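The primary structure of each chain is shown beneath.
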Amino acid sequence: MNFSRLNISSKQAEGILLRLYNLEGSAWPLPGEMDFNFKIQTLASNDYILKISRPNDTLELLDFQQQLLQYIEATGSHLIAPKVVQDIYGKSLSEITDAYGHRRHVRLLTWIPGRIWSDVNPQLDDLRFSLGKQFGLLTKTLQGFDHDMAHREFVWDVAQALWTKDHIALFKGEEKDILSSFLEQFEASQKPYALLRKAVVHNDANDNNIIVSEDLRKPTVKAAIDYGDSVYTQIINDLAIACAYAMMNHNDPLDAALPVVKGYHSAFPLLEEELDYLYITIAMRLVISVTKSAINKIKEPDNKYLLISEKPAWAVLKKWHLTSMAFATYSFRWACGYTAHPHEEKFIEWSESNTFYLSDLFPSIGKNDIHSLDLSVSGKWVGHQEEFNDLALFEFKINQLQKKVPHKIIAGGYLEPRVLYTSSAYHKIGNSGKESRTIHLGIDFWIPHGTPVCALLDGEVVMAVNDAGDKEYGGLVVLKHARGTLIFYTLYGHLSVKSATRHNVGDLIKKGDIIGLLGNYPENGNWVPHLHFQMMLSLLDYKTDFPGVAYHRQMEVWKGICPNPNLLFKLRPLDQKNSVSNNDLIRYRKQHLGKSLSLQYKVPVKMVRGSGQYLIDQYGKSYLDTVNNVAHVGHENYGVVKAGQDQMALINTNTRYLHEYINTLTKELLETLPPRLNVVHFVNSGSEANELAIRMVKAATGERDIIASEFGYHGNTNSCVAISSYKFDSKGGQGAPEHTHIFPIPDAFRGKYRGNNTASAYADEVQRQIDKVRKKGRGVGAFIIEPIISCGGQIELPKGFLNEAYKKIRAAGGLCISDEVQVGCGRVGKTFWGFQLHDVAPDIITIGKPLGNGHPLAAVVCTQDVANAFANGMEYFNTFGGNPVSCAIGAEVLRIVKQENLQENARLIGQFLKSELKTLAKTFPIIGEVRGQGLFLGIELVDSDLNPLPKQTDYLVNRMKDHGILMSSDGPSGNVLKIKPPMIFTKANAKDLIFYLSQILNEDFMKSGNID
Ligand SMILES: Cc1ncc(COP(=O)(O)O)c(C=O)c1O
């Protein structure tokens, strides 16, 4: 029938409402596949949904839906579902005759306020869990309900999905192959599938049928609506449908489905045999969906609603086809609290009564004791990336260790998180950013190449291949073992290619037979010789390879598939792990460490390794660091590490002895500075540098009054806090001390004077403070400021301000200090030091954070006049400042900055990033301003009245962390994102940052509030 003759207008709907329900209200059309639906808003606060059927709709079907809803209401459960409203005649199902004389059925249901699923962004694990839980609860509530119509023939019933076979001709190529393979699999499983538990279920958890709460940060599913597809079918089908939709638009559909499964199971416990069919029923729901779309495209080409989910359905179906059914099933089992592999317990039982000896595996070695080797991310033996990637060095270390433990075999590694796997095959982009395979699934035995590896028990060869490539297995043999109904596999990796490939699949190997000889690099996958020995209860779909390392997110499932090989050997040292949980660390820290120490992020992270612009947690997850301007030339830069290690091995004393390095570092520093700044004092922190600068001011001017900026921060010592408005004007602070004089922060965006040409206005504010000091009968000691104010919110000083301010200070007899602790050493790109951006000549500069690349090294550089005045006879002694180790490190940092052109990198990448951020600001008005220089940038988040948005900023920082990007916020209102990464930050890093920023900026909470 012509769609326009079926359609009902809003006006008509309002008329029907008045006639049948005596309700006055406005009607808004809503999407619907069968019914014509309207949201009804009445003057009273109750809202409704009016549903007008198509002319040919069956009364029984509508009756079924009404009865179902009434059943839910009658159970008195707390489940939220639409309630049936009776018409003025007391009927729950009414009738009208439309303009074309067709009889149409009408129903009125209560409206459930909230957001529909498809409008919710992001859809995180907790939300997907609540989705599963809601549908599980619904199934539970409907137990005992039945209706004739629940047993109808129905195309959307997964159990009846084989009708789609008749339409396979609508597809071709890859799509046809995918559909055929799922159909075949489903058809083959009909018998056992038919025996699964059945019930009346909702059967349509699609995006538009799920109502989510209004909470933008922790949304939960409130209710399921639209019961038009309810049917009596296998209960697992209902969950399959919820999964099928919840998986759409995610990189990793299985990962997205698991919380839904967990949630469903929490409310309605699923049986193991049901979970065996979840993979295929998910696929079949999608098969129905794409088949229906293909048919409908022909039938009703102008009905867009029908096509809404076609594209994402195909996308997820293709990904699902590439997902191992066995792995998915084991994951579902684990999600429901069953053992991931059904034979896990059986295997453990078998292994308890069967013990094997290492001397059987390596008879030529004849040792049975183990020396456990920790190769985990945080294991110190592994050393620096440069070292573990140096095979000769790694081998040398193994040999040295072996000499210390001659009677033991060096071994270990089951479930160990490692960072040894650097080739691209070990990485993917998951549902929230980059993920790396880090969890080692076997045990490594570090023994010489050429060592024969023998069978521990009889087996059949199922793989004997050359798994060629860097960081692969090289020669690989997998044996299958059958013990009654128990089947398991043993894997031998890194054999010589020749010895592995001399076997054929199907060969029988007897206990004690040689499986292969240990290979050497490069043919063993380019490793120091060792045997990777792994056990498996399933080969999944692998034919010529099997993962030896897994993603941390999937660890528990892999643990079930690959049991601990030490179950065979029962060697205690192999099972000893002594890692402390993050919660224990937090608890102890809270009790015994300074109570004002803070922790970054709502869920704190434990970082155990640094690598360039990345930090790595204890599970091997890498985080892109956009915050740390201390790791100036990159975290754990090898040159810096070596410089420190090498010097530490020779001598570390104080400056009372002659040493070259203090002079070397001084020369390196002075080369970067204007000639008038030419005397250096080395100290250990930025605070100490500013502390010393303040002493110098007193010595040189005889005055102690300091003028500083509002929200400036200069350090944690008494004198530094006393000049840091960021501290004394905030929580716990007591305002400015007598000798500190604060002028308004020169912020042209949200400060006292805004827009262009504010330099003089702010310089006049400095003058006001000078006058104040004078009025008290005292003189000005110094003016201290950062060239870009960091803690104050990455505030760029107005052009010309510093010049004017310096003049005024000098006219008053004061000194000018540039605090370069944050911005120095090339970070601002255009110039090496921040003050050079402003073309001024300070009397003292203080240097901190970047100089030691993480080692506590800082410095004060001043003019000869200041230095002479300070040298008044009192010795300046500093136990650690200027020691040879620190100076070796500092000199190496400056050498790397120069040699690797990092100042220029900061300029180029900073420019690119700033312009990309400005483009982002055009799409997202919440970004009020992007500012800064080089790799010292700030993004200020504000509403349309320029009010700060600290909650959104905090949300964004935490969500970026979830995606593996470390960011941090600052500024007096906590609404400025500061970007100050290691100077080796690349364009690709900048693009990643922009990509994820734009994703998170699109999330509901970021769009909440007055930010248009
Ligand atoms: C501008 C500025 N000056 C001085 C300091 C103090 O340095 P430190 O923490 O090394 O004592 C800091 C620290 O954040 C700073 O940001």
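Only a predicted model underlies this, so the values are computations on that prediction, with no experimental measurement involved.

Novice: When you look at the overall build of the protein in this model, what are you seeing that I'm missing?
Specialist: Of the regular secondary structure elements, the protein holds 33 helices and 41 strands. Buried positions account for 55% of the 1012 residues belonging to the protein. With the model as given, the accessible surface of the protein reaches about 42,900 Å², and the carbon-plus-sulfur share is 51%. Computing the positive centroid from 107 side-chain charges and the negative centroid from 110, the protein places the two 4 Å apart.

Novice: Even after reading the chapter, I still don't get the sheet that holds strand E10 (residues 221-224), so can you show me in this structure?
Specialist: By way of backbone hydrogen bonds, the strands of a sheet pair with one another, either parallel or antiparallel. Pairing within the open sheet is antiparallel, and its three strands lie in the order E7-E9-E10. With one partner strand each, in any of the chains shown, strand E7 (115-116) and E10 form the two edges of the open sheet. Bridging between strand E9 (residues 210-212) and E10 involves three bridges; their strand directions are antiparallel. In the strand pairing of E10, Ile210 is matched with Ala224. Of the strands in this sheet, E9 and E10 are in contact with helix H4 (residues 125-142), which crosses E10 at around 40 degrees.

Novice: Help me understand the site of the ligand in this model?
Specialist: Inspection of the region around the ligand gives Ser685, Gly686, Ser687, Asn690, Tyr713, His714, Gly715, Glu786, Asp819, Val821, Gln822 and Lys849 as its neighbouring residues. One of the backbone N or O atoms of Gly686 is found 2.8 Å from an oxygen atom in the ligand. Within the contact set of the ligand, an oxygen atom lies 2.4 Å away from a side-chain nitrogen or oxygen of Ser687. Alone, the ligand offers 390 Å² of accessible surface; in the complex the protein occludes 85% of this. Among the elements that line the shell around the ligand, the one with the most residues is helix H24 (residues 686-701), at three residues. Broken down by class, the residue content of the shell around the ligand amounts to two nonpolar, seven polar and three charged.

Novice: Help me understand the packing of aromatic side chains, please; the structure alone is not making it clear to me.
Specialist: Each aromatic ring pair is characterised by the separation of its centres together with the angle its planes make. Within this structure, the stated rule accounts for 33 aromatic pairs. Between Tyr71 and Phe145, the aromatic rings sit 5.1 Å apart at their centres with planes inclined by 50 degrees, giving tilted as the arrangement. Here Tyr71 is found in helix H3 (residues 59-75), whereas its partner Phe145 is found in the loop between H4 and helix H5 (173-188), with 74 residues between them in sequence. Residue classification places Tyr71 among the partly exposed residues on the basis of a relative accessible area of 26%.

Novice: For this particular structure, what's the right way to read the environment of Ala782?
Specialist: Looking at the secondary structure, you find Ala782 in strand E31 (residues 780-785). With 563 residues separating them along the chain, Ala782 and Pro219 place their C-alpha atoms 53 Å apart. Residue contacts for Ala782: discarding those within four places in its chain leaves Val697, Asp705, Ile706, Ile707, Leu815 and Ile817.

Novice: So what exactly am I meant to see when it comes to the nonpolar core here?
Specialist: The nonpolar side chains of a soluble globular protein tend to be buried with one another. Core analysis: the biggest nonpolar cluster contains 147 residues, and Phe182, Ile282, Trp320, Phe332, Phe445, Leu531 and Phe569 have the highest contact counts within it. For this core, the element with the highest residue contribution is helix H10 (residues 278-299), accounting for twelve residues. Apart from the residues lying within four places of it in its own chain, the contact partners of Phe182 are Tyr279, Ile280, Ala283, Met284, Val287, Leu317, Trp320 and His321. Phe711, Ala759, Ile809 and Leu857 belong to the second-largest nonpolar core, a separate cluster that totals 91 residues.

Novice: Explanation requested: unusual backbone geometry in the structure shown.
Specialist: Looking along the chain, the bond that leaves Asn121 and enters Pro122 is cis, with omega of 5 degrees. Cis geometry is found at the peptide bond from Tyr521 to Pro522, where omega equals 5 degrees. By the secondary structure assignment, Pro522 is in the loop between strand E22 (514-517) and strand E23 (531-536). Backbone geometry at Leu415 places phi at a positive 60 degrees, although glycine is not the residue there. Mapped onto the fold, Leu415 is located in the loop between strand E13 (408-412) and strand E14 (427-430).

Novice: How should the pattern of salt bridges be read in this particular structure?
Specialist: Pairing between side chains becomes possible if they bear opposite charge and their charged atoms approach one another. By the definition in use, this model includes 44 salt bridges. Two residues, Asp47 and Lys39, come together in a salt bridge whose shortest N-O distance is 4.0 Å. For Asp47, a relative accessible area of 22% gives the class partly exposed. Overall, the relative accessible area of 18% leaves Lys39 in the buried class. Where Glu796 meets Lys914, a salt bridge forms, and the shortest distance between an N and an O atom there is 3.8 Å. Residue Glu796 is located in strand E33 (residues 795-796), and its partner Lys914 is located in helix H31 (residues 902-923); the two are separated by 118 residues in the primary sequence. Here Lys914 falls in the buried class, since its relative accessible area comes to 18%.

Novice: It is not clear to me how the state of the cysteines should be interpreted in this structure. Could you clarify?
Specialist: What we call a disulfide is simply a covalent bond connecting the sulfur atoms of a pair of cysteines. Within the structure shown, the criterion is met by zero disulfides. A disulfide-free cysteine, Cys336 has its sulfur positioned 9.5 Å from the sulfur of Cys243, the nearest such atom. Cys336 sits in the buried class, given a relative accessible area of 7%.

Novice: Please clarify how the sheet that holds strand E16 (residues 443-446) should be interpreted in this entry.
Specialist: Taken in spatial order, the eight strands of this open sheet run E12-E13-E16-E23-E20-E19-E18-E21, and their pairing is mixed. Sheet topology places strand E12 (369-372) and strand E21 (508-509) at the edges, where each strand pairs with a single neighbour. Most of the contacts of helix H13 (residues 344-352) go to strand E20 (residues 486-495), to which it runs at about 75 degrees, and overall it touches strand E19 (474-483), E20 and E23. Contacting E12, E13 and E16, helix H16 (residues 391-404) runs over the sheet at an angle of about 130 degrees to E13.

Novice: Looking at this structure, I do not really get the environment of Asn878. What am I missing?
Specialist: Along the chain, Asn878 falls in the loop between helix H29 (864-870) and helix H30 (884-899). Taking the C-alpha atoms as reference points, Asn878 and Asn684, separated by 194 residues in sequence, lie 8.9 Å from one another. In contact with Asn878, other than residues within four places in its own chain, are Phe682, Val683, Asn684 and Glu688.

Novice: Just checking my understanding: could you explain the side chain of Asp98 for this structure?
Specialist: Among the structural elements, Asp98 can be located in the loop between strand E5 (94-97) and strand E6 (103-110). Looking at Asp98, the relative accessible area reads 11%, which means it is buried. Once you skip the residues sitting within four places of it in the chain, Asp98 turns out to touch Arg5 and Arg104.

Novice: Looking at this structure, how should I read the environment of Thr501?
Specialist: Summarising the element assignment, Thr501 is placed in helix H17 (residues 497-501). Note on Thr501: relative accessible area 35%, which makes it partly exposed. Distance from Thr501 to Gly516, taken between C-alpha atoms, is 8.8 Å for residues 15 residues apart in sequence. A polar contact is formed between the side chain of Thr501 and the backbone oxygen of Val497, at a distance of 2.7 Å.

Novice: Sorry if this is basic, but what is going on with the side chain of His341 here?
Specialist: Inspection of the secondary structure assignment puts His341 in the loop between helix H12 (325-335) and H13. Overall, His341 belongs to the buried group, its relative accessible area being 5%. A polar contact of 2.9 Å, which involves the side chain of His341, links it to the backbone nitrogen of His343. Those residues in contact with His341 that sit more than four places away from it in its chain are Tyr330, Arg333, Leu537, Ser538 and Gly560.

Novice: Honestly, helix H7 (residues 235-246) in this entry has me stumped. Any pointers?
Specialist: Helical periodicity: at 3.6 residues per turn, an α-helix aligns residues three or four positions apart in one direction. Compared with the 16 Å implied by 1.5 Å per residue over twelve residues, the 18 Å span of H7 between its first and last C-alpha is a close match. Where H7 is concerned, the buried positions are Ile235, Ile236, Asn237, Asp238, Leu239, Ala240, Ile241, Ala242, Cys243, Ala244, Tyr245 and Ala246.

Novice: Please explain the packing of H7 against helix H8 (residues 253-267) as it appears in this structure.
Specialist: Axis angle and axis distance: for two packed helices, these are the angle between their axes and the distance between the axes, and together they describe the pair. Across the interface, H7 lies against H8 with an axial gap of 9 Å and an inter-helix angle of 145 degrees. The handedness of the crossing between H7 and H8 comes out as right-handed. Note on element contacts: H8 touches H7 through Ala256, Ala257, Val260, Val261 and Tyr264, opposite Ile235, Asp238, Leu239, Ala242, Cys243 and Ala246. Of the residues contributing to the contact of H7 with H8, the split by class is ten nonpolar, no polar and one charged.

Novice: It is not clear to me how the packing of H4 against H8 should be interpreted in this structure. Could you clarify?
Specialist: Running from N to C, H4 and H8 point in directions that differ by 40 degrees, and their axes come no closer than 6 Å. Crossing geometry of H4 relative to H8 is assigned as right-handed. Residues Asp125, Arg128, Phe129, Leu131, Gly132, Lys133, Phe135, Gly136, Leu137, Thr139 and Lys140 of H4 form the contact with H8, whose own contacting residues are Asp255, Ala256, Pro259, Val260, Lys262, Gly263, Tyr264, Ser266 and Ala267. Of the residues belonging to the contact of H4 with H8, the class tally is nine nonpolar, five polar and six charged.

Parameters at a glance
- Residues numbered from 1 in each chain as written.
- Predicted model: local features only at pLDDT ≥ 70, side-chain atom pairs only at ≥ 80, totals over all residues.
- Heavy atoms only, no water.
- Helix = DSSP H or I, 4+ residues; strand = E, 2+ residues; numbered from the N terminus.
- Buried < 20%, exposed > 50% of the residue type's maximum accessible area, 1.4 Å probe, protein only.
- Areas by Shrake-Rupley, 256 points an atom, 1.4 Å probe, with all protein chains shown as cover.
- Lys, Arg positive; Asp, Glu negative; His and termini not counted.
- Charge placed at Lys NZ, Arg CZ, Asp CG, Glu CD.
- Pairing = 2+ DSSP bridges.
- Contact = heavy atoms within 4.5 Å.
- Axes fitted to C-alpha atoms, helices over the stretch in contact; angles between N-to-C directions.
- Near = heavy atom within 4 Å.
- Polar contact = N/O pair within 3.5 Å; in protein donor to acceptor, adjacent residues only side chain to side chain.
- Nonpolar A, V, L, I, M, F, W, Y, C, P; charged D, E, K, R; others polar.
- Phe/Tyr/Trp six-rings, centres within 6.5 Å; stacked < 30°, edge-to-face > 60°.
- Core = buried A, V, L, I, M, F, W, Y, C linked by side-chain atoms within 4.5 Å.
- Salt bridge = Lys/Arg side-chain N within 4 Å of Asp/Glu carboxyl O.
- Disulfide = S-S within 2.5 Å.
- Expected span 1.5 Å × (residues − 1).
- Left-handed = near helix turned anticlockwise from the far one by under 90°.

That is the geometry; function is a separate question.
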